[in-house]
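# Remarks on the overall topology
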Amino acid sequence: GNSVTQMEGPVTLSEEAFLTINCTYTATGYPSLFWYVQYPGEGLQLLLKATKADDKGSNKGFEATYRKETTSFHLEKGSVQVSDSAVYFCALSDRSNFGNEKLTFGTGTRLTIIP
Amino acid sequence: NAGVTQTPKFQVLKTGQSMTLQCAQDMNHEYMSWYRQDPGMGLRLIHYSVGAGITDQGEVPNGYNVSRSTTEDFPLRLLSAAPSQTSVYFCASSYQGAGDTIYFGEGSWLTVV
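Below or above, wherever it landed, is the structure these notes cover. (Residues numbered from 1 in each chain as written. Chains lettered and ligands numbered in written order. Predicted model: local features only at pLDDT ≥ 70, side-chain atom pairs only at ≥ 80, totals over all residues. Heavy atoms only, no water.)

## Focus: the overall build of chain A
Heads up, the condition is: The helix count covers DSSP runs of H or I at least four residues long, the strand count covers runs of E at least two residues long, and both are numbered beginning at the N terminus. For the radius of gyration, the atom set is restricted to C-alpha positions; the globular benchmark scales as 2.2 Å times the number of residues to the power 0.38. The buried label goes to any residue with under 20% of its type's maximum accessible area, the exposed label to any with over 50%, and the partly exposed label to all in between, with areas taken from a 1.4 Å probe on protein chains only. Two residues form a contact once any of their heavy atoms are found within 4.5 Å. Each accessible area is a Shrake-Rupley estimate made with a 1.4 Å probe; only the visible protein chains count as cover when residues are assessed. For the charge count, each Lys or Arg is scored as positive and each Asp or Glu as negative, with His and the chain ends excluded. Note that the charge is assigned to NZ on lysines, CZ on arginines, CG on aspartates and CD on glutamates.
Within chain A, the secondary structure is distributed over zero helices and twelve strands. Tracing chain A from N to C terminus, the helices and strands come up as β-β-β-β-β-β-β-β-β-β-β-β. At 14 Å, chain A has a C-alpha radius of gyration in line with the 13 Å of a compact globule built from 115 residues. When the backbone C-alpha atoms are referred to their principal axes, chain A occupies close to 45 × 30 × 20 Å. Residues classed as buried in chain A amount to 46% of the 115 residues present. Across chain A, the fraction of contacts at a sequence separation of at least 24, relative to all contacts at a separation of at least 6, is 58%. Here chain A has roughly 5300 Å² of accessible surface; of this, 49% comes from carbon and sulfur atoms. Each charge class in chain A can be summarised by its mean position, and for the 10 positive and 12 negative side chains these summaries are 6 Å apart.

## A look at the nonpolar core
Soluble globular proteins tend to pack their nonpolar side chains together in the buried interior. Residue and element names in this part refer to chain A. To keep it simple, the criterion reads: The set of buried Ala, Val, Leu, Ile, Met, Phe, Trp, Tyr and Cys residues whose side-chain atoms join them within 4.5 Å is what this entry labels a nonpolar core.
In terms of nonpolar packing, the biggest core is built from 26 residues, with Trp35, Leu47, Leu48, Phe73, Leu75 and Tyr88 touching the most fellow members. Elements that contribute at least two residues to this core include exactly β2 (11-14), β3 (19-21), β4 (23-26), β5 (31-38), β6 (44-50), β8 (62-65), β10 (86-94) and β12 (109-114). By residue number, the principal contributor to this core is β10, which donates four residues. Ignoring sequence-local partners within four residues, the contact set of Leu48 consists of Leu33, Phe34, Trp35, Gly57, Ser58, Asn59, Phe62, Glu63, Ala64, Phe73 and Leu75.

## Concerning the interface of chain B and chain A
Where interface size is quoted, it is often the accessible area lost as the parts come together. Our working rule: Salt bridge, as used here: a side-chain nitrogen of Lys or Arg that lies within 4 Å of a carboxyl oxygen of Asp or Glu. N or O atoms closer than or at 3.5 Å make up a polar contact, with two conditions inside protein: a donor-capable atom paired with an acceptor-capable one, and, for residues adjacent in sequence, both atoms drawn from side chains. Polarity classes work like this: nonpolar for Ala, Val, Leu, Ile, Met, Phe, Trp, Tyr, Cys and Pro, charged for Asp, Glu, Lys and Arg, and polar for all others, with Gly in that last group.
Each partner contributes residues to the interface: chain B has 25 residues there, and chain A has 23 residues. At the boundary of chain B and chain A, one finds zero salt bridges. Counting across the chain B and chain A interface gives three residue pairs in polar contact (both at pLDDT 80 or more). For the side of chain B that touches chain A, the elements supplying multiple residues, two or more each, are β4 (31-37), β5 (43-51) and β9 (87-94) of chain B. Taken together, the residues that form the side of chain B that touches chain A break down as twelve nonpolar, ten polar and three charged.

## Regarding the pattern of salt bridges
Two side chains with opposite charge may pair up if their charged atoms get near one another. This structure, assessed with the given rule, holds six salt bridges over all chains. For the salt bridge of A:Lys52 with A:Asp55, the shortest nitrogen-to-oxygen distance reads 3.4 Å. Across the pair A:Asp84 and A:Lys77 runs a salt bridge, and its minimum N-O distance is 2.8 Å. Per residue, the accessibility class of A:Asp84 equals that of A:Lys77, and both read buried. Salt bridges here are not isolated pairs; linked through shared partners, they connect B:Arg36, B:Asp38 and B:Arg44.

## Structural notes on the side chain of A:Thr109
Residues and elements named next belong to chain A. For Thr109, the location among the structural elements is in strand β12. In terms of polar contacts, Thr109 uses its side chain to reach the backbone carbonyl oxygen of Met7, at 2.5 Å. Once residues within four sequence positions are removed from consideration, Thr109 is found in contact with Gln6, Met7, Gly9, Val11, Ile21, Ala86, Val87 and Tyr88.

Interpretation note: all reported values are geometric properties and have no functional meaning in isolation.
See below:
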């Protein structure tokens, strides 16, 4: 079956530090890959996505590249801000299923940025 | 545009009580689903629907029922609440198939005592 393995947290960084949150996956088909972000007290919001190998998703200074050879989709940001403090979820949607109603999530990584 | 709306936001139930979590979306999305979020376990799919009149089970369906009588609404029913159902519940919707963006509601915090 499908699975997503995410870097365990919590992760604490100083403002302007470089961020990497690792994510690897296993899937039976041709998955689309996502990063979702959950700010305190809120629901999940799509941060970025990539739908095929070598695609790079980017948004708000965050980037992730779909690496089929290493089955990875690591999240990076060059200079984090206090406002980036949140929980980050890696997820996949397997196109072998009908529709993407079956997202498989990682366990989430809590990120705290210190001023 | 309201997006995905969940109610209630907070609820405390006694063991054995029943209740319904409401979910509505105004984006004319065909796909809707319910997830539960538990510490250290990410989000797990409870039930989903690919259109009005069609529902199916997800990863953790036991103890929950759903129906989809209209495109807009997808209520989640707890038949006889148990402490193990204490969780945060998220409703989600999307327009079409694999790779499409999924929109989440703000969550419903449920405590069963």
